[in-house]
Amino acid sequence: MRPWNLSLLFVLCGSALATGLASSGSPGAAAVLLLVFLALAGVNSPLIFPRSVGAVEAQRRSAVDGRPVIYWRPGCTYCIRLRIRLGRDVRQLHWVDIWRDPAGAAAVRAANDGNETVPTVVVAGRSCTNPDAEWVREQLARSV
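Overview of the structure.

1. Thoughts on the pairing of strand E2 (residues 94-97)
Argument step 1. With burial as the criterion, each face of E2 is covered, one bearing His94 and Val96 and the other bearing Trp95 and Asp97.
Argument step 2. Taken together, the four bridges between strand E1 (residues 69-72) and E2 define a ladder with parallel strand orientation. In the strand pairing of E2, Tyr71 is matched with Val96.

2. Thoughts on the pattern of salt bridges
Argument step 1. Scanning the model with the defined rule gives six salt bridges in all.
Argument step 2. For Glu57, the salt bridge is made with Arg60, and the minimal N-O distance between the two is 2.6 Å. Placement of both Glu57 and Arg60 in helix H3 (residues 55-65) is noted, with a separation of three residues, approximately one turn of the helix.
Argument step 3. What makes Arg60 partly exposed here is its relative accessible area of 47%.
Argument step 4. One connected set of salt bridges, linked through shared partners, spans Glu57, Arg60 and Arg61.

3. Quick word on the packing of helix H4 (residues 77-86) against helix H6 (residues 133-143)
Geometrically, a packed helix pair is captured by the angle between its two axes and the distance between the axes.
Argument step 1. The N-to-C vectors of H4 and H6 enclose an angle of 55°; their axes lie 9 Å apart at closest approach. Here H4 is positioned oblique relative to H6, judged by the angle of their axes. In the packing of H4 onto H6, the handedness of the crossing is right-handed. Across the interface between the two elements, Leu82, Arg85 and Leu86 of H4 pack against Ala133, Val136 and Arg137 of H6.

4. A look at the side chain of Arg83
Argument step 1. Relative to the helices and strands, Arg83 resides in helix H4.
Argument step 2. Although Arg83 is buried, it forms no salt bridge, and the closest oppositely charged side chain is Asp89 at an N-O distance of 9.5 Å.
Argument step 3. Apart from residues no more than four positions distant in its own chain, Arg83 is found in contact with Ile48, Phe49, Val90 and Trp95.

Conventions used here
- Residues numbered from 1 in each chain as written.
- Predicted model: local features only at pLDDT ≥ 70, side-chain atom pairs only at ≥ 80, totals over all residues.
- Heavy atoms only, no water.
- Buried < 20%, exposed > 50% of the residue type's maximum accessible area, 1.4 Å probe, protein only.
- Helix = DSSP H or I, 4+ residues; strand = E, 2+ residues; numbered from the N terminus.
- Pairing = 2+ DSSP bridges.
- Salt bridge = Lys/Arg side-chain N within 4 Å of Asp/Glu carboxyl O.
- Axes fitted to C-alpha atoms, helices over the stretch in contact; angles between N-to-C directions.
- Parallel < 35°, antiparallel > 145°, perpendicular 65-115°, else oblique.
- Left-handed = near helix turned anticlockwise from the far one by under 90°.
- Contact = heavy atoms within 4.5 Å.
- Lys, Arg positive; Asp, Glu negative; His and termini not counted.

Now the structure itself:
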């Protein structure tokens, strides 16, 4: 449930504010405000990311195909930015949600001096924290 908390908060706040605007006689403004909050909820939900796998499975797959493993968490603006900038390439990577996988969180802490800083990308045993999307694409091109 934890990955959905921020999205649920956006929906609840947007609904409350939209209800207040609608009851005060501004249904158009209420509809626009609700749509903005629903968009924020969608962007901050796990839905915009590919299905996460466990850290052990992602590392196994990466060892086989050489593709990068990206450790992320819902609500992280840097993760969202990387996800959007990667575009269609996102489906070719191995994604690990550190809030759902304790082994993934431990791998991120090991790579970042004890901090759970995401996105952390691991390729062939090398880690890079908050990398540029172009760097990730280069790593992906090397694996293919």
